[in-house]
Every structure is written in structure tokens, then in C-alpha cells.
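What follows is the residue order along each chain.
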Amino acid sequence: MYYKLPTELHCEKNCIINHADDICAHGKSAYIITGKHSSKENGSLNDVISVLESGHISYKIFDGVCENPSIENVMEAVKTASESTDFVIGIGGGSPLDASKAVSLMLANPDKNEDLLYQKCDAGYLPVVTIPTTCGTGSEITPYSILTIHSLCTKSSLPHKIYPSLALIDPMYLDSAPDTVLKNTAIDALGHLIESYINKNASGISKMFCNHALSMWKAVPYILKNNIRSYESYELLMMISAYAGMAISHTGTSLPHKLSYPLTYERNVPHGKAVGTFLCAYMRHADIYSCNHILSLCGFATVQILADTIHELCGHIEVPLSLAKKSVKDISSDPKKLGNCPYPVNEEILWDIYNESVKII
Ligand code: NAP
Ligand code: ZN
């Protein structure tokens, strides 16, 4: 058994202001990495700026992170950085947080080019502070950074493990999130929990996070369907996401994530929705004990009821036959792409999962 989770995490109202000293202790010059709009609208960027200015920390902002950031997008941020950067602050959904980790790796290795991103080697990185404003990826705590690789028409996780040093969660930043962002990202968190539980790397510790967060997930359909917007519901959604991040930090994700990446790349399907569509078929092929355990924890009588709930929240997905064929072929021909799936997978099983999960057109 191996356990490593070195990130200090706080979740509370006014979290950024309350932990001003912890942020400022990271150095004298910060590089803020964020998306185009949301961090300006939900107050997170202002909170960070006011903490840095009060602490006399110099800072530069890159606010051009796109959804599903690409290698090129990360390198644009790297080029804009100040040479004196001591630490990186990622603010936003999984996209800016993942980008901030990749930027921290590149800034710590200024003599290297973008090839470093996907090179398997021991490379250092600058300290990263993460401030999530969506409730699904858990990227504030995971060591993963997932980037779009245009040359391969898909997305892939960097081989480097970049652990944030400090994760600060203020649930109220979710107040500005549209319903679709809440729904898609809450389903992503559910995906992390299910894929971590049904995973060949699962351990007592990873299952402990899953068990706890799956039982918290029981309240999520009610919150999302009735649009319950309160501090308590935001805190629940954020903490489920963080626990799920702790679980996948140990196990990694599995087939639904691998199957989701081409859908996001080719059809622009949001990450959580693309993952969610494959979850129930993934569960049906797993051992009955795990499947029933997950269902009972999150309060569903059958896999079909869970599938209906996911579709009700996120909608159905149509996939052209050519894309389905390409995905199935790519994944079945590369054992590494079968991820951490604990049961044997072949082309026939992948087609079963595909046919059950999406409408092929
Ligand atoms: P996202 O791509 O970060 O953001 C989606 C949209 O939500 C953007 O338009 C963003 O606007 C907006 N948004 C973010 N926070 C908001 C708020 N509080 N209020 C209003 N709008 C808000 O979405 P995500 O689902 O969180 O992240 C997906 C990415 O994370 C994918 O690239 C996925 O591969 C990755 N991921 C990483 C991990 C990991 O462990 N590292 C795990 C799972 C997924 P702005 O662009 O204006 O900010
Ligand atoms: Zn995910």
C-alpha cells in the first residue's frame, strides 16, 4: 500500500482572506492563472489580488485559459510569465487548475521546451496554490494535469505528478456557476468516485474516501433538480469533489474517462457530461458486489435509475458511428488506454459500453 497526499486543504467561507498568510508565505512573486471571465465575476480573483497586495507580493495575471486547455494554451501562459515568479496560483474550474500545474512545471525548468510536458522524467515544479470554482474535478488536490493534444486529437494526463501545496476552497464561488456547470461537474465527481472504487489500484484508503463521498452524493440529485443554492449545498458539492480528488489521486480514473476524451475533443461535450454518459455501463460490467455497494451508498435502487438520473441532469449524447469506431479501435488496441479497469476488456465489451451509453448516429 502506498499513500501520498501532501496538499494542505481548507474549505470555509472567506477562505482566501482567512488564509492570506499561507498564500503569502509561498514567495515574493506570484503568477495567477485563470479563465477568461468567471474568476472576475465570482470574486475569487479580487480576493486573491487583495491578499497579494496587502502582503506586498508582486503578481502577474494570465487570464486566457480555455476550457480543456491545450499544450499551446499552456505555453502561451509560460511565455507571458515574469522571470522572477516564485509560485503559481490557479483559480477556476479544472481547466485553469490543470493549466497552472503545467505552467509551474515549465517555469521551474526554463531551459526545457514543451516536450517536457509529456516526458517521463523527474522534473521539479514551482509551488502551486489552487482555488477551485467548480465542483467536480478535484484538481485542487490531485497531482494530475490533463491537456488537449491537438496532434493526437484527444486529451491526456501529463506523466508528472504535480501536487498543489495549498488548496483553498470557498464554496460561495459556486454561487455564480450556471446550473449546467454545477450539474456537469457534480457528475464528474461521481465519475471519479465510481471509477476509483471500481479500479485495480483501489485500496482501503481510496475506498474510505469513496465510501464517505458516495454517501454524501445521495443528496446531490435533490439539490441539483431543485436548484437549491445555499452555502450548505455548495459546501457539500465542493467537499464531494475534493474527496473524489483524494480518491483518484491514489487510483487514477478508468474507462469512462478514457472514453470521454475523444467526445470532448471531437464533439465539444463538457468533461463531466462525457464521463457521466459511460458510468453506468462501466458499472454493469463490474462485479455485482461493488456495483450494489456503490448504488446503496448513493441511494439508487438500480443501475438504470442512476443512468436515468444522470441523463436527466446532463442530457443524452449522440455520437457519429465513425467516431465510435475510432474510439473503440484506439482504446482496444492500446492496453495502456484500458486505464485501471479491474475487469478484462475487449472490443466487444467496449461496443457494449458504447451502445448502452450514447446514441450512435
Ligand atoms: P472548466 O473547463 O474549468 O470550466 C467550464 C466553464 O465554467 C468555463 O466556461 C468557466 O468559465 C466556467 N466557470 C468556472 N467556474 C465558474 C463559476 N464559479 N461561475 C461561473 N462560471 C464558472 O470546467 P471543469 O469541468 O471544472 O474542468 C474540466 C477540465 O478539468 C477538463 O480539462 C478535464 O480534463 C479536467 N480534469 C482534471 C482533473 C484532475 O485531476 N486534474 C480531473 C477531472 C477533470 P471561465 O473560462 O471564464 O473561467
Ligand atoms: Zn473527470
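Please read all numbers here as calculations on a predicted model, not as lab measurements.

**Here we look at unusual backbone geometry**
In most cases, non-glycine residues show a negative phi, while peptide bonds are predominantly trans. Of note in the backbone geometry, N14 takes a positive phi value of approximately 55° without being a glycine. Structurally, N14 is set in the loop between β1 (8-11) and α1 (15-18). Positioned with a positive phi, N227 is a non-glycine residue whose angle comes to about 50°. Topologically, N227 is positioned in the loop between α9 (220-225) and α10 (231-251). Taking relative accessible area as the criterion, N227 reaches 39% and is therefore assigned partly exposed.

**Looking at the site of ligand 1**
The immediate surroundings of ligand 1 are formed by 30 residues, with H37, S38, S95, T134 and T142 found nearest. Here a nitrogen atom of ligand 1 sits 2.7 Å away from a polar atom, N or O, in the side chain of D98. The side chain of S139 places a nitrogen or oxygen atom 3.3 Å from a nitrogen atom of ligand 1. The fraction of the free accessible surface of ligand 1 (940 Å²) that becomes covered by protein chains is 90%. No other element matches helix α6 (residues 94-108), which puts 5 residues into the shell around ligand 1. Broken down by class, the residue content of the shell around ligand 1 amounts to 7 nonpolar, 17 polar and 6 charged. Looking at which domains feed residues into the shell around ligand 1, each of domain 1 (8-173) and domain 2 (178-360) supplies at least three.

**Concerning the side chain of T137**
Along the chain, T137 turns up in the loop between β5 (128-132) and β6 (146-149). For T137, the side chain forms a polar contact with the main-chain nitrogen of S139, separated by 3.0 Å.

**A short note on the packing of helix α11 (residues 255-267) against helix α12 (residues 271-284)**
Their axes nearest at 8 Å, the elements α11 and α12 cross at an angle of 140°. With respect to their mutual orientation, α11 and α12 come out oblique. Of the two elements, α11 crosses α12, and the hand of that crossing is right-handed. Here L255, P256, H257, L259, S260, Y261, L263 and T264 of α11 lie close against α12, whose contacting residues are H271, A274, V275, T277, F278, L279 and Y282. Its residues assigned to classes, the contact of α11 with α12 shows 10 nonpolar, 5 polar and no charged.

**Overview of the packing of aromatic side chains**
Tallied over the full model, the rule gives 4 aromatic pairs. Aromatic side chains Y282 and Y343 sit 5.6 Å apart centroid to centroid with 40° between the ring planes, which places their arrangement in the tilted category. Within this pair, whereas Y282 is found in helix α12, its partner Y343 is found in the loop between α15 (321-332) and α16 (347-357), the two being separated by 61 residues in sequence. Of the two residues, Y282 and Y343, neither departs from the other in class, the shared state being buried.

**A short note on the domain arrangement of the chain**
On domain assignment, one finds that the chain holds domain 1 (8-173) and domain 2 (178-360). Computed from C-alpha coordinates alone, the two centres of domain 1 and domain 2 are separated by 25 Å. Domain 1 puts 28 residues into the contact, and the matching count from domain 2 is 27 residues. For the pair domain 1 and domain 2, the two sides together bury roughly 2,300 Å², of which 67% comes from carbon and sulfur.

**Side note on helix α7 (residues 179-197)**
Between its terminal C-alpha atoms α7 stretches 27 Å, which fits the 27 Å expected from 19 residues at 1.5 Å a residue. With 16 of 19 residues buried, α7 is to be regarded as a mostly interior element.

**Some thoughts on the environment of M75**
In this fold, M75 is placed in helix α5 (residues 71-80). Separated by 39 residues in sequence, M75 and K36 have C-alpha atoms that sit 16 Å apart.

**Regarding the side chain of H19**
Tracing the backbone shows H19 in the loop between α1 and α2 (20-24). Looking at H19, its side chain comes within polar contact range of the side chain of H10, at 3.4 Å. Polar contacts involving the side chain of H19 include one to the side chain of E12, which spans 3.0 Å. Ignoring anything within four residues of it in the chain, the contact list for H19 reads H10, E12 and L168.

**Section: the coordination of the zinc ion (ligand 2)**
For the zinc ion (ligand 2), the full set of protein donor atoms is D188 (OD), H192 (NE2), H257 (NE2) and H271 (NE2), and the range of their distances to it is 2.1 to 2.2 Å. Around the zinc ion (ligand 2) sit 4 donor atoms, and with donor-metal-donor angles ranging over 83 to 169° the site reads as irregular. Going along the chain, you hit the donors of the zinc ion (ligand 2) in the pattern D-x3-H-x64-H-x13-H. Note that H192 is positioned in helix α7 and H257 in helix α11, a separation of 65 residues in sequence. What makes H192 buried here is its relative accessible area of 3%.

Analysis parameters
- Residues numbered from 1 in each chain as written.
- Chains lettered and ligands numbered in written order.
- Predicted model: local features only at pLDDT ≥ 70, side-chain atom pairs only at ≥ 80, totals over all residues.
- Heavy atoms only, no water.
- Helix = DSSP H or I, 4+ residues; strand = E, 2+ residues; numbered from the N terminus.
- Buried < 20%, exposed > 50% of the residue type's maximum accessible area, 1.4 Å probe, protein only.
- Near = heavy atom within 4 Å.
- Polar contact = N/O pair within 3.5 Å; in protein donor to acceptor, adjacent residues only side chain to side chain.
- Areas by Shrake-Rupley, 256 points an atom, 1.4 Å probe, with all protein chains shown as cover.
- Nonpolar A, V, L, I, M, F, W, Y, C, P; charged D, E, K, R; others polar.
- Domains from an automatic or database assignment.
- Axes fitted to C-alpha atoms, helices over the stretch in contact; angles between N-to-C directions.
- Parallel < 35°, antiparallel > 145°, perpendicular 65-115°, else oblique.
- Left-handed = near helix turned anticlockwise from the far one by under 90°.
- Contact = heavy atoms within 4.5 Å.
- Phe/Tyr/Trp six-rings, centres within 6.5 Å; stacked < 30°, edge-to-face > 60°.
- Buried area = accessible area lost by both parts, 1.4 Å probe.
- Expected span 1.5 Å × (residues − 1).
- Donors = N, O, S within 2.8 Å, 3.2 Å for Na, K, Ca; no water.
- Tetrahedral: all angles 85-135°; square planar, octahedral: opposite > 155°, others 65-115°.

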